[in-house]
Amino acid sequence: MISKQEILRSIKPNEWDFGNTILYEMCKRNPSHTNSDVIIAKTLIIGRTYAAAIERRKNKSKKEINDNFYLDVVVPAFKKSNLDKLLKDLNKYTTINSKNIFEILKVHSYLTKHLNSITGQNKRSFASKYLHFHKPHLFFIYDSRVVTSLRNFIKKTPKEFSHIINGENIDSEYAKFVCKSLHMKEQFEKTIAKKITLRQCDNI
């Protein structure tokens, strides 16, 4: 288990905080998906900043211009989606826990499937990052580095979460990751006797 000193060192402010703050503020001020310019800015900036660009897709023509993809495909897809309602329904939650985790996972699964319909690829990582910046207290960031690091702390999903990862309308891979992350977040908090954010958990 990681030591108290290592946890405290990991959650200290760092050089990446300013850039992340800009992304958080962008989504906080522009949470909806009704304006084309806002949709393009949020999907483009978050995706490229976090190495999960949405324009990476199957069957892309070499002559196809990414600008056209955002305008002709991404914007209509987000406008027609049910994402705004789903995110609004989560406003009642201030943190992720065992009681609301399934509802949160269903929103991630919805966005992942919606993006798959326009890209032909699994956009699990992008969906988690995009949702995180809209609801930073509810969505853990999923990427290969974090998944690999998490295995150093926990190998299997805790039994108390088994009914969740086997549930319907969720992405089981992301569900396993979130259940493990939530468990470890609680362990980290016990070690230092204070609450930490999902971003701080990611840093650890």
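Before reading on, note that the structure itself is shown above.
Predicted, not measured: the structure shown is a model, and the values here were computed from it. (Residues numbered from 1 in each chain as written. Predicted model: local features only at pLDDT ≥ 70, side-chain atom pairs only at ≥ 80, totals over all residues. Heavy atoms only, no water.)

## Looking at the packing of aromatic side chains
Thought 1: Scanning the entire structure with this criterion turns up nine aromatic pairs.
Thought 2: Geometrically, the ring pair formed by Tyr 24 and Phe 133 is tilted, given 4.7 Å between the ring centres and 45 degrees between the ring planes. Note that Tyr 24 is positioned in helix H2 (residues 17–29) and Phe 133 in helix H7 (residues 124–134), a separation of 109 residues in sequence. Note on accessibility: Tyr 24 and Phe 133 belong to one class, buried.
Thought 3: Feature note: the residues Tyr 24, Tyr 50 and Phe 133 constitute an aromatic cluster, connected by ring pairs.
Thought 4: Sitting over the ring of Tyr 142, Arg 124 keeps its end group 5.6 Å from the ring centre. (Phe/Tyr/Trp six-rings, centres within 6.5 Å; stacked < 30°, edge-to-face > 60°. Helix = DSSP H or I, 4+ residues; strand = E, 2+ residues; numbered from the N terminus. Buried < 20%, exposed > 50% of the residue type's maximum accessible area, 1.4 Å probe, protein only. Lys NZ or Arg CZ within 6 Å of the ring centre and 35° of its normal.)

## Thoughts on the layout of surface pockets
Thought 1: Quantified by volume, the largest pocket comes out at close to 680 Å³.
Thought 2: Forming the walls of the largest pocket are 28 residues, and the residues nearest its centre are Tyr 50, Arg 145, Arg 199, Asp 202 and Asn 203.
Thought 3: Every element with two or more residues in the lining of the largest pocket is listed here: H2, helix H8 (144–150), helix H10 (172–192) and helix H11 (198–203).
Thought 4: By residue number, the principal contributor to the lining of the largest pocket is H11, which donates five residues. (1 Å grid on protein atoms, 1.4 Å probe; cavity = no way out; pocket = protein on both sides within 12 Å on 5 of 7 lines; lining within 4 Å. Points joined across faces, edges and corners; volume = space filled by probe spheres on them.)

## Thoughts on the state of the cysteines
Thought 1: Here the structure, examined in full by the defined rule, presents zero disulfides.
Thought 2: No disulfide involves Cys 179; its nearest neighbouring cysteine sulfur is the one of Cys 201, lying 13 Å away. (Disulfide = S-S within 2.5 Å.)

## Comments concerning the pattern of salt bridges
Thought 1: Within the structure shown, the criterion is met by eight salt bridges.
Thought 2: The partner of Glu 189 in a salt bridge is Lys 185, and the shortest N-O contact between them spans 2.6 Å. Taken together, the residues span about one helical turn, with Glu 189 and Lys 185 both in helix H10 at a distance of four residues. Lys 185 carries the same exposure label as Glu 189, and that label is buried.
Thought 3: Between Lys 195 and Glu 189 there is a salt bridge, with the nearest N and O atoms lying 3.8 Å from each other.
Thought 4: Three or more residues are tied together by salt bridges with common partners; here these are Lys 185, Glu 189 and Lys 195. (Salt bridge = Lys/Arg side-chain N within 4 Å of Asp/Glu carboxyl O.)

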